[in-house]
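# Fold and geometry: a report
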Amino acid sequence: QHTPSTMGNFFGRQRTAYVRVSLPAVSFVWQIAMIILFGVFIRYDKESDAHWVEYKKSHNITSDIENDFYYRYPSFQDVHVMIFVGFGFLMTFLQRYSFGGVGFNFLIAAFGVQWALLMQGWFHSLDHSTGKIYIGIENLINADFCVAGSLIAYGALLGKVSPVQLLVLTLFGVTLFAVEEYIILDLLHCRDAGGSMVIHAFGGYYGLAISWVLYRPNLHQSKRLNGSVYHSDVFAMIGTLFLWMFWPSFNSAITDHGDGQHRAAINTYLGLASCVLTTVAISSMHDKRGRLDMVHIQNATLAGGVALGTAAEFMITPYGALIVGFCCGIISTFGYIFVTPFLEKRLKLQDTCGIHNLHAVPGMLGGFVGAIVAATANESIYSKEGLINTFDLEGKYADRSLGTQGGFQAAGTCVAIAFGLVGGAIVGFILKFPIWGDPADDNCFDDEAYWEVPEDEETIPPVLEYNNHMIHKHQDIAETNFSVEQC
Amino acid sequence: QHTPSTMGNFFGRQRTAYVRVSLPAVSFVWQIAMIILFGVFIRYDKESDAHWVEYKKSHNITSDIENDFYYRYPSFQDVHVMIFVGFGFLMTFLQRYSFGGVGFNFLIAAFGVQWALLMQGWFHSLDHSTGKIYIGIENLINADFCVAGSLIAYGALLGKVSPVQLLVLTLFGVTLFAVEEYIILDLLHCRDAGGSMVIHAFGGYYGLAISWVLYRPNLHQSKRLNGSVYHSDVFAMIGTLFLWMFWPSFNSAITDHGDGQHRAAINTYLGLASCVLTTVAISSMHDKRGRLDMVHIQNATLAGGVALGTAAEFMITPYGALIVGFCCGIISTFGYIFVTPFLEKRLKLQDTCGIHNLHAVPGMLGGFVGAIVAATANESIYSKEGLINTFDLEGKYADRSLGTQGGFQAAGTCVAIAFGLVGGAIVGFILKFPIWGDPADDNCFDDEAYWEVPEDEETIPPVLEYNNHMIHKHQDIAETNFSVEQC
Amino acid sequence: QHTPSTMGNFFGRQRTAYVRVSLPAVSFVWQIAMIILFGVFIRYDKESDAHWVEYKKSHNITSDIENDFYYRYPSFQDVHVMIFVGFGFLMTFLQRYSFGGVGFNFLIAAFGVQWALLMQGWFHSLDHSTGKIYIGIENLINADFCVAGSLIAYGALLGKVSPVQLLVLTLFGVTLFAVEEYIILDLLHCRDAGGSMVIHAFGGYYGLAISWVLYRPNLHQSKRLNGSVYHSDVFAMIGTLFLWMFWPSFNSAITDHGDGQHRAAINTYLGLASCVLTTVAISSMHDKRGRLDMVHIQNATLAGGVALGTAAEFMITPYGALIVGFCCGIISTFGYIFVTPFLEKRLKLQDTCGIHNLHAVPGMLGGFVGAIVAATANESIYSKEGLINTFDLEGKYADRSLGTQGGFQAAGTCVAIAFGLVGGAIVGFILKFPIWGDPADDNCFDDEAYWEVPEDEETIPPVLEYNNHMIHKHQDIAETNFSVEQC
């Protein structure tokens, strides 16, 4: 119940007072930096440059359809939808943080993809002779992937951080991502097309570590808003479904042309289908009346896609994909039921969206599943050329055995987790400085802090005049012990 | 108005008590069965198997772009969106059954596609030498199509059945679908790329027959919830629009490469556009103030896509497609205005979403439109090779005349309807056993029965304490003849 | 506060009384006209006609994948989503005009695309030897583009016009579009793949001119409904995000195969990303507590895509695209803050959605950006063949210098604006006739006028009369004569 004095604090407190300065300042400085760096480094690659017409002729490419654009653009757009609508709407489930959920997701993804093009470009697409990064459609997909790591981390912090903190989180998140990705994909020569390791395990543990550092002992003061309402749960289902439907595109977007993309899509489709049924089963079992919990349906149904991020392009077999989805639906739902409350109570780790159960653990499992499937690969399953093609065992890796490859895949998973935990802890301490305008403990999960929220005439309960005290806002009313006294 | 005793029944009644056991049990058993059957039967086809690299060489395929994945994946994803977001959100229109609408749609589609891959595989993709089913992108599209039949049936039953009943409905629905599809496409050698017959006519009559058997004379007890609210109607428009926009992909997804897909998309686009205008016209004419009814806009605007499911790949001509849409918009809207109430009153058939008007009748009409267009086809319109190509008149069908083909198309429509009606009646009787946990008559259209529904703080009116009687649920308040009595 | 007499007027006034006649009449007449005109003029083009099988052979086309369908269909579907879900949901932001926003958008787009196929066909795809228009996937994309001009205009008029007025607006809008497009693209030989000039500048000024003519001095009587509520703002974000995500497809949908589509997508992606950050910066700076305004986030974040409509296919360079987005985010947000209120106050121009800031100005700027980029093009940047290819400087344009091309591009922008302003003024006067059933000044922004709006049981607060003070929910009050008697 707000007294006038807490109301004053609510809006006037120092911590959020500088948002008006810091948010525009950071946005401008970083965007200008992007322009300068792009001016110095980024150019069109040969397939998106106007020279393509001549390049095509000189390389005997007979048709424009061979431009990588046509292999990958549909998948790119699906991934793009996952990043902006999928992640964005999944985070609208809180009753009064939908603007922040979808809006800040939008902001940090838009910044992150630019920084990712540079960071990943320096590591992967830099032409050392010209000093330029040449970008095409595959770079855009990878930039979307890269920013997904930071969006996952946002899930743990939803409602508890300021937009400036999120921009800082993304700056470091993308940087760390590019480094761990370079180590895992290039130095260890792992395969991880859908990013079980580099995206989900990293992003999950990165967010958890930050949230652990930023623990708020008095978060219960915002408890009234830390939950959904009917319509916000339906909005969140938009996010869930677009993630679920397009996950086959996510896991196949940058795999090998031909059978690689084809197989990754099939495996992911199957793993996700299987996952839905076990999620429903566990969710229903847990309620004493057998009712389903929207939190599980919104999240755990996606765990199968996460866990197939590495193995989807391998010959995991259709029933193998079903098994992975089967197990991950169970594990993830149990995570929401038991582990998230445990983490909050015992480990002082507040994880708003439960990314532990949707990204961290399934991502880690996906890394190990990939390791096992790689280690058991052989020529009879893949064919000689198929094996080389799938695991890219050429050049200096021509002699690597599949068993060794499996070992490296497992090592890669550990690298991703380590980067997430250590990097997240460091970034968490940076975000703890009292300069970023984070919300007060009694002001979390509330869009009022960073958004001009319309007064809901529509849902405003009647304005009751009582003892000369006008009561307007419904929340207040909901909390007020309101009673009509007897005459 | 709930008295304490009905409130107790509301939550505690025996019929729903076993959901906690039956839903997890069915989900687990069926998912495990899927894994075993997939293990025995399902393998990657040549285009999604790692052997593709070698296959390509040995078959002189010069480019990976010739992999069927690139012909069909964008359409597949559009179809996928229609199944999960389109059907799912179209069913969120009820004020308090949005979770069930989108959530159970998700559940049964995820189960159904797995069972469909097996059922359709046994009939269509089984290699008799190895005893395996080899799947690729076209199988995924067909699985989505197959499950659409059961989702349509769900539309008639929305709010009146339990999730376990829906899983049973889907198990049988997919099975029946695979059989009727085999008869229509293989034995009768009909063309039905967008499924006017095999999907819509079958699914529509299947659902109607089930609903007829499950007639609830006392459904009026749940009348207060059998309608929309403002926001739920907007949610439903998400479903409508994604269905409408992607229907050209639905009807072209599995047609012939090249002109087949191209023409099917154009025809569907046109038929749907035309359909919108006549729907608006009839809807406005029917209201005494000329106002539009969202039910019509949400549903009848799609009838043109249904009715072009067979003929879209034929040379129906652009104006022919417009005419089909024109007529179906009228017929479907009249259906919502006159036929659905008539069916409920006279035939004791309760059809929540009006699938009679959106699927059953337009599907049947689409089958006959296809028959007519096929019967009137000739070489001057199609070219000699185009005719063979479009109607697949090769091998043992090389001598079939187009008139005969038209006759078979008409016969196929009748087969689909017969399968729907007879199959639906049988499945309806199975679903009538009192073991499936269906909701009580006064508890239909209410998510409370199967979902943990959040308390809507946001829309909770002030809790008024009066005469020691706490009033909680807003609906009750809305319906209660609420008055502040005299002192 | 409605008195009984205004209540009577509210529903009964003459102006809306004829909707029941005029809306069906116009819908039917126009749809029948479309069928007749399609019958006379529209045929499948060579790639969608069944003769394709023979055409392919006779033209040595080795693969079906060369059918333009596979180059453009994924982009087409993205554009389609922008037109129906993007524009439609962006206009759901008003608290009680969501049905009209998404529903009328649906209606006029469905009509407009048909008329556009004819109008654009006569100018661009008419085979003079046969007198027929041959359509394929590119025509469908162009029809969607064409109707976008009228949908933009609707944005200025949202909530203030009747559906019949919108159909008239679209009839003339599409006609004007086809003419200005013919002048700009064919006579002036400009390039404008994403339509900064022909779509956005034209559509923006067209809508503004109409709105200026239809100025309502007493619109403040509907002020209570001219704003959003919490959930309607979240719905609008669906529109924003689908527009934002798919804008790369919009700008690349009809550019040259290969590098043209590839580069247009990259540039648009970058311009949009940059735009988000400056929008956030300005929005936050403007509020005294640094809070963001949803109006800005929903709209100004898209200005970068509009402004790259012409230049996206050119070699504007990645950092050039970022700069365009950077500037347009600032300009557009300032427009929402300062210009829209100024226009309303000083120029008597009511612009509901602020299309001045999102389409008119960024479209005009985009035209000039295109002119500059064209004028500075040269062979070292594009390669000799790339230059010819990109600017289509062949045939009678082979000798045109790039400087001249830049001049023509600038001239094209002026033509688009002139067509918008003059055409809009004329159409505005036509729409001013008191025969179109537009809503009364106190009845704007209200779905009640043209839709059967469900009673929102869910959100109805108890109607309490207290101290003879009627308390307001419009619907309830409108229908219930409910009162709590005095003690």
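Rules and cut-offs
Residues numbered from 1 in each chain as written. Chains lettered and ligands numbered in written order. Predicted model: local features only at pLDDT ≥ 70, side-chain atom pairs only at ≥ 80, totals over all residues. Heavy atoms only, no water. Contact = heavy atoms within 4.5 Å. Buried area = accessible area lost by both parts, 1.4 Å probe. Salt bridge = Lys/Arg side-chain N within 4 Å of Asp/Glu carboxyl O. Polar contact = N/O pair within 3.5 Å; in protein donor to acceptor, adjacent residues only side chain to side chain. Nonpolar A, V, L, I, M, F, W, Y, C, P; charged D, E, K, R; others polar. Least-squares fit on C-alpha atoms with pLDDT ≥ 70 in both. UniProt positions renumbered as here; feature names shortened; annotations may be inferred. Helix = DSSP H or I, 4+ residues; strand = E, 2+ residues; numbered from the N terminus. Axes fitted to C-alpha atoms, helices over the stretch in contact; angles between N-to-C directions. Left-handed = near helix turned anticlockwise from the far one by under 90°. Buried < 20%, exposed > 50% of the residue type's maximum accessible area, 1.4 Å probe, protein only. Pairing = 2+ DSSP bridges. Phe/Tyr/Trp six-rings, centres within 6.5 Å; stacked < 30°, edge-to-face > 60°. Lys NZ or Arg CZ within 6 Å of the ring centre and 35° of its normal. Core = buried A, V, L, I, M, F, W, Y, C linked by side-chain atoms within 4.5 Å. Expected span 1.5 Å × (residues − 1). pLDDT = per-residue confidence, 0-100.

### Observations regarding the interface of chain B and chain C
Residue-level contacts link 92 residues of chain B with 86 residues of chain C. A combined buried area of about 7,800 Å² lies between chain B and chain C, and 71% of that area is made up of carbon and sulfur atoms. Summed over the shared surface of chain B and chain C, the result is one salt bridge. Across the pair C:Lys57 and B:Glu385 runs a salt bridge whose closest N-O atoms are separated by 2.7 Å. Inspection of the chain B/chain C interface yields 27 residue pairs in polar contact (both at pLDDT 80 or more). When its residues are assigned to classes, the side of chain B that touches chain C shows 47 nonpolar, 28 polar and 17 charged.

### Considerations on the relation of the copies chain A and chain C
Rotating chain A by 120 degrees and moving it 0.0 Å along the rotation axis overlays it on chain C with an RMSD of 0.0 Å. The symmetry that links the two subunits is that of a three-fold axis. Interface overlap between copies is the fraction of interface residues in one copy that are interface residues in the other; for chain A against chain C it is only 19%, indicating separate surfaces.

### Quick look at the UniProt feature "domain: Ammonium transporter AmtB-like" (unreviewed entry) in chain A
In the numbering adopted here, UniProt assigns the feature "domain: Ammonium transporter AmtB-like" (unreviewed entry) to residues 69-450 of chain A. The annotated region residues 69-450 of chain A carries 70% helix and 2% strand content, and the separation between its end C-alpha atoms amounts to 39 Å.

### Some remarks on the packing of helix 10 (residues 230-252) of chain A against helix 11 (residues 259-286) of chain A
Residues and elements named next belong to chain A. At a closest axis distance of 8 Å, the pairing of helix 10 and helix 11 adopts a crossing angle of 145 degrees. The chirality of how helix 10 crosses helix 11 is right-handed. Each of Trp-244, Trp-247, Pro-248, Asn-251 and Ser-252 in helix 10 lies in contact with helix 11, whose residues at this interface are Gln-261, Ala-264, Ala-265, Thr-268, Tyr-269, Leu-272, Ala-273 and Val-276. Split by residue class, the contact of helix 10 with helix 11 holds nine nonpolar, four polar and no charged.

### Considerations on the pattern of salt bridges
In the structure shown here, the tally under the stated rule is 33 salt bridges over all chains. Put simply, B:Arg191 and B:Glu313 hold a salt bridge, and the shortest N to O gap is 3.0 Å. Note that B:Arg191 is positioned in the loop between helix 8 (163-187) and helix 9 (196-213) and B:Glu313 in the loop between helix 13 (303-307) and helix 14 (318-346), a separation of 122 residues in sequence. Overall, B:Arg191 belongs to the buried group, its relative accessible area being 16%. With a closest N to O distance of 4.0 Å, C:Asp256 and C:Arg191 form a salt bridge. Remark: C:Arg191 occurs in the loop between helix 8 (163-187) and helix 9 (196-213) and C:Asp256 occurs in the loop between helix 10 (230-252) and helix 11 (259-286); sequence separation between them is 65 residues. Among the ionic contacts, a cluster of salt bridges with common partners joins A:Arg191, A:Asp256, A:Glu313 and A:Asp392.

### Focus: unusual backbone geometry
Residue and element names in this part refer to chain A. Even without a glycine there, the phi angle at Asp-392 is positive, about 55 degrees. With respect to the secondary-structure elements, Asp-392 resides in the loop between helix 17 (384-391) and helix 18 (402-432). With a relative accessible area of 31%, Asp-392 lands in the partly exposed category.

### Some details on the pairing of strand 3 (residues 132-135) of chain C
Residues and elements named next belong to chain C. Residues Ile-133 and Ile-135 of strand 3 are buried on one face, while the alternating residues Lys-132 and Tyr-134, pointing to the opposite face, are not. Pairing geometry for strand 1 (residues 42-44) and strand 3, over three bridges, is parallel. Note that in strand 3 the partner of Arg-43 across the bridge is Tyr-134. Judged from the two bridges that link them, strand 2 (residues 126-127) and strand 3 form a sheet pairing that is antiparallel. In the sheet register, Asp-127 faces strand 3, and the bridge partner there is Lys-132. Connecting strand 2 to the antiparallel partner strand 3 that follows it, the hairpin turn spans four residues, and Gly-131 within it adopts a positive phi of roughly 75 degrees.

### Observations concerning the interface of chain A and chain C
Across the contact, 88 residues belong to chain A and 90 residues belong to chain C. Buried area between chain A and chain C, both sides added, is near 7,600 Å², and the carbon and sulfur share of it is 70%. Inspection of the region where chain A meets chain C yields one salt bridge. Inspection of the chain A/chain C interface yields 28 residue pairs in polar contact (both at pLDDT 80 or more). Of all elements in the fold, only helix 3 (19-41), strand 1 (42-44), helix 4 (52-58), helix 5 (68-90), helix 6 (98-125), helix 7 (137-157) and helix 10 of chain A reach the threshold of two or more residues within the side of chain A that touches chain C. For the side of chain A that touches chain C, the residue count by class is 53 nonpolar, 18 polar and 17 charged.

### Comments concerning the sheet that holds strand 3 (residues 132-135) of chain B
In space, the three strands of this open sheet follow the order 1-3-2 (chain B), with mixed pairing throughout. Since the sheet does not close on itself, it has two edges, and those belong to strand 1 (42-44) and strand 2 (126-127) of chain B, each with one partner.

### Some thoughts on the relation of the copies chain B and chain C
Mapping chain B onto chain C calls for a rotation angle of 120 degrees and an axial translation of 0.0 Å; the resulting RMSD is 0.0 Å. An asymmetric contact is evident, with only 17% of the interface residues of chain B recurring at the interface of chain C.

### Concerning the packing of aromatic side chains
Summed over all chains, the structure comprises 87 aromatic pairs over all chains. Relative to A:Phe202, the ring of A:Phe177 lies with its centre 6.1 Å away and its plane at 75 degrees, an arrangement referred to as edge-to-face. Here A:Phe177, found in helix 8 (residues 163-187), pairs with A:Phe202, found in helix 9 (residues 196-213); they are 25 residues apart in sequence, far enough to count as distant. Ring-pair connections join several aromatic residues into one group, and the members of that group are A:Phe69, A:Tyr70, A:Tyr73, A:Phe76, C:Tyr71 and C:Tyr269. Here A:Arg400 stacks its cationic end above the ring of A:Phe408, 3.9 Å away from the centre of that ring.

### Side note on the packing of helix 11 of chain C against helix 14 (residues 318-346) of chain C
When two helices pack together, their arrangement is given by the angle between the helix axes and by the axis-to-axis distance. Residues and elements named next belong to chain C. Contact geometry for helix 11 and helix 14: axes closest at 7 Å, N-to-C directions at 35 degrees. The way helix 11 lies across helix 14 gives a crossing that is right-handed. Of the residues in helix 14, those touching helix 11 at Asn-267, Leu-270, Gly-271, Ser-274, Cys-275, Thr-278, Thr-279, Ile-282, Ser-283 and His-286 are Pro-318, Ala-321, Leu-322, Gly-325, Phe-326, Cys-328, Gly-329, Ile-330, Thr-333, Phe-334 and Ile-337. Partitioned by chemical class, the residues of the contact of helix 11 with helix 14 number 11 nonpolar, 10 polar and no charged.

### A word on the nonpolar core
With 490 residues, the main nonpolar core has A:Phe242, B:Phe242 and C:Phe242 as its most contacted residues. With near-sequence residues (within four places) excluded, B:Phe242 lies in contact with A:Phe242, B:Val81, B:Met82, B:Val85, C:Val81, C:Val85 and C:Phe242.

### A few points about the side chain of A:Ser196
Residue and element names in this part refer to chain A. Here Ser-196 is to be found in helix 9. Classification of Ser-196 as buried rests on a relative accessible area of 0%. In terms of polar contacts, Ser-196 uses its side chain to reach the backbone carbonyl oxygen of Val-306, at 2.6 Å. Not counting residues within four places of it along the chain, the set of residues in contact with Ser-196 comprises Ala-201, Val-306, Ala-307, Leu-308, Gly-309, Thr-310, Gly-363, Gly-366 and Gly-367.

### Some thoughts on helix 14 of chain C
Compared with the 42 Å implied by 1.5 Å per residue over 29 residues, the 39 Å span of helix 14 of chain C between its first and last C-alpha is a close match. Looking one or two residues beyond helix 14 of chain C, the residue adopting positive phi is C:Lys348, at roughly 55 degrees.

### A word on the confidence of the model for chain A
All names here are of chain A. Taken as a whole, chain A shows an average pLDDT of 90; of its residues, 90% reach a score of 70 or greater. When pLDDT is averaged over each helix and strand of chain A, the minimum, 35, is found for strand 5 (residues 469-470) and the maximum, 98, for helix 9. In the predicted structure, residues 1-13 sits below a pLDDT of 50 and forms 12 contacts with residues beyond four places in sequence or in another chain. Confidence over residues 458-487 falls short of pLDDT 50; this stretch has 59 contacts with residues more than four positions distant or in other chains. Scored as a complex, the prediction yields pTM 0.92 and ipTM 0.91.

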